[in-house]
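Inside the fold
Residue strings, one per chain:
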Amino acid sequence: MAILGHSMFPGGVLIECFDPAGDVAALGALYDAYALGAPLDDPVGPVMSREMFGGWVIHGWTGVPRETWLASGDSGGATIGGYLLELPDRENQDQASLVIWIAPPQRRAGLGRALLGHAAERTRALGRRVLSGETRDGSPGDAFARSAGALPGLTEVRRILDVAAIPTGHLAKLRAAAEAAAAGYSLLSWDGPTPATLLEQVAVLNETMGDAPRGPGEEAQTWDAARVRRADERVAAQGLRYYSVAARHDATGAIAGLTQLGVDPAEPEWGHQELTVVTRPHRGHRLGLLVKVAMLERLAQREPQLRWIITGNAETNRHMISINETIGYRVVDRWTTSWRLPMVSLA
C-alpha cells in the first residue's frame, strides 16, 4: 500500500491513508467492505460495481479533493473497513463530508467510533468545523449517526420507476401534453461527455440546481466549464454509458432544460438518474416533463434491457416529485442527506 499516513488504534486496528488512483489493491479492499455491507445499508438500490465505485471514490462527483483511509485488523492484516473524507475547495470550505464502510462481521465492536474519531481529527486538522454525511432512514448508519450526536437536516425521498410497468401509450400522452406547453422549444441529445460547444451552458444548468432544497448551512455549488469536464471525467472513470437530453429555446439557442442518466454495464437493468433541471427564465413550459419523457424514449432504443430507474428528491421539492409520480415513479425509501456533526460535539 502506498501509505500517506497511518494511525494505530486499540485492539490492533491500523488505519492507513492511501491513494485510490494508484493503489488498486487498497481500493479493492475498500470496495469489498462497501459491497459486503451494501445489502444492510441500502437493500433497495443496486450494489455498485467495482468500476463504478472506484470512479466515484477517485473523482467524487465533480473532482472535489478527498482522502481515503483503510482499516485493517491484527489477524493477517485483513481489511475490516475504511472511510472517505471529501473536502470541498470551492464552497462549503468549513465542512467535510464523510462516508464510513465497515464489513458486517466487524460491526458493533467499536470500529465505527474509531473511524469517526479519526475522521474528526483529520477534519479539525484541516481547519473544518463540521462533518456531514447521509444515511438511509432505519439503516445501521442512521442509528450510528444518531448515537454520535449528529443533527439531521434535509430528507430525500427515493423513488424507482419500473420501466416495464409503464402502460402502453402513457409516455406518448405525456409527451403530447408537454409539447403543447413547450411551443418554441426543441429537443437535442447526446451520449457520453458534454460537447465542447455546450460546456458553458451545461455549467449554467448545473448552477441552477442551487435553487433546489439544501441542507442547513450548505452553500450552493458554483459551476464553470472546467467543473463540467471534471464531472464528465468521473462518469468515464465509472465506466457508465451516459445519456443527456436537453430542451433548447429556439429563439435564443439557450439550453433551457436538461436531464442526465447513467447505466452501469455491470448492472444494465438499472438506470441511475442524475441531474434534471430547468433554468429560471424558462420554467412553466413543462420542460422538465418533456426532457424526462424524451429520455425514456431514447433509453428504449439505446438500453432496451433497462428495467429500473432510481432517483431521489428532497421531500420538499414538490415540482420534481409531481413530474416523477406522473411518469410512474413510486417511493421506496427515505434518506437523511445532510447529517451535521459539529466538531465541538467530538471535542
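Residues numbered from 1 in each chain as written. Predicted model: local features only at pLDDT ≥ 70, side-chain atom pairs only at ≥ 80, totals over all residues. Heavy atoms only, no water.

**Some points on the overall build of the protein chain**
Spelled out, the test is: Only DSSP runs of H or I covering at least 4 residues are called helices, and only runs of E covering at least 2 are called strands; the numbering of each starts at the N terminus. Our radius of gyration looks at C-alpha atoms and nothing else; its globule reference is 2.2 Å times the residue count to the power 0.38. Exposure classes here rest on a 1.4 Å probe applied to the protein chains alone. A residue is buried below 20% of its type maximum, exposed above 50%, and partly exposed in between. Two residues form a contact once any of their heavy atoms are found within 4.5 Å. Working convention for charge: Lys and Arg count positive, Asp and Glu count negative, and His plus the chain ends are omitted. Every charge is mapped onto a representative atom, which is NZ of Lys, CZ of Arg, CG of Asp or CD of Glu.
Along the backbone of the protein chain there are nine helices and 13 strands. Taking 20 Å as the expected radius of gyration for a compact globule of 347 residues, we find that the protein chain reaches 21 Å, a close match to that expectation. Taking the principal axes of the C-alpha coordinates as reference, the protein chain spans close to 65 × 40 × 35 Å. Across the 347 residues of the protein chain, 51% fall into the buried class. Look at the contacts in the protein chain between residues 6 or more apart in sequence, and 70% of them connect residues 24 or more apart. For the protein chain, the separation between the mean place of its 34 positive charges and that of its 39 negative charges on side chains is 5 Å.

**Digging into helix H7 (residues 225–238)**
What counts is decided by this rule: Take the number of residues in a helix, subtract one, and multiply by 1.5 Å to get its expected span.
End to end, H7 covers 20 Å across 14 residues, agreeing with the expected 20 Å (1.5 Å per residue, within 8%). Every buried residue of H7 is listed here: Ala225, Arg227, Val228, Ala231, Asp232, Arg234, Val235 and Gln238. As for H7, its buried residues are in contact with helix H2 (50–59), helix H6 (199–208), strand S9 (241–249) and strand S11 (270–278). At the exit of H7 stands Gly239, carrying a positive phi of roughly 75°.

**Focus on unusual backbone geometry**
Phi at Arg108 is positive, roughly 65°, even though this residue is not glycine. You can see Arg108 is positioned in the loop between strand S5 (95–102) and helix H3 (111–125). In this structure Arg108 comes out as exposed when scored by relative accessible area, which is 89%.

**Observations regarding the packing of aromatic side chains**
Each aromatic ring pair is specified by the distance between its two centres and by the angle formed by the two planes. Stated precisely, the cut-off is as follows: Stacked, edge-to-face and tilted are the three classes for Phe, Tyr and Trp ring pairs, Trp counted by its six-membered ring, which pair at centre distances within 6.5 Å; planes under 30 degrees apart are stacked, over 60 edge-to-face, the rest tilted.
Taken as a whole and assessed by the stated rule, the structure comprises eight aromatic pairs. Arranged with centres 5.3 Å apart and planes meeting at 70°, the rings of Tyr31 and Phe53 form a pair that is edge-to-face. Within this pair, whereas Tyr31 is found in helix H1 (residues 24–41), its partner Phe53 is found in helix H2, the two being separated by 22 residues in sequence. Residues Tyr31 and Phe53 agree in their burial class; the two are buried. Considering the side-chain rings of Tyr34 and Phe53, the 4.9 Å spacing of their centres and the 15° angle between planes classify their relative orientation as stacked. Of the two residues, Tyr34 sits in helix H1 while Phe53 sits in helix H2, which places them 19 residues apart along the sequence. This pair shows no difference in class: Tyr34 is buried, exactly as Phe53 is.

**With respect to the packing of H1 against H2**
Keep this limit in mind: To obtain an axis, a line is fitted to C-alpha atoms, over the contacting stretch when the element is a helix, and the angle between two such axes runs from 0 to 180 degrees between their N-to-C directions. Throughout, the term roughly parallel applies to angles under 35 degrees, roughly antiparallel to angles over 145, roughly perpendicular to angles from 65 to 115, and oblique to all others. Throughout, a crossing is termed right-handed when the near helix is turned clockwise from the far one, and left-handed when it is turned anticlockwise from it by less than a right angle. Three classes are used: nonpolar for Ala, Val, Leu, Ile, Met, Phe, Trp, Tyr, Cys and Pro, charged for Asp, Glu, Lys and Arg, and polar for all others, with Gly counted as polar.
Remark: H1 packs on H2, axes separated minimally by 10 Å, with the N-to-C direction vectors making an angle of 110°. Relative to H2, the element H1 is oriented roughly perpendicular. Judged by the twist between their axes, the crossing of H1 over H2 is right-handed. Here Leu27, Gly28, Leu30, Tyr31, Asp32 and Tyr34 of H1 come into contact with H2, specifically with Arg50, Phe53, Gly54, Val57 and Ile58. Grouping the constituent residues of the contact of H1 with H2 by class yields seven nonpolar, two polar and two charged.

**What about the pairing of S9?**
Regular strands place their side chains on alternate faces of the sheet. For clarity, the threshold we go by: Should DSSP find at least two bridges between two strands, the strands are regarded as paired.
In terms of burial, S9 is a largely internal element, seven of the nine residues being buried. Pairing of strand S8 (residues 185–191) with S9 involves seven bridges; the strand directions are antiparallel. Paired with Ser189 across the strands is Val245, a residue of S9. The pairing of S9 with strand S10 (residues 255–263) spans eight bridges and is antiparallel. Looking at the pairing, Ala247 lines up with Gly257 of S10. The antiparallel pairing of S9 with S10 creates a hairpin that spans five residues between the two strands, and Gly253 there sits at a positive phi of about 80°.

The values reported here are purely geometric and, on their own, carry no functional implication.
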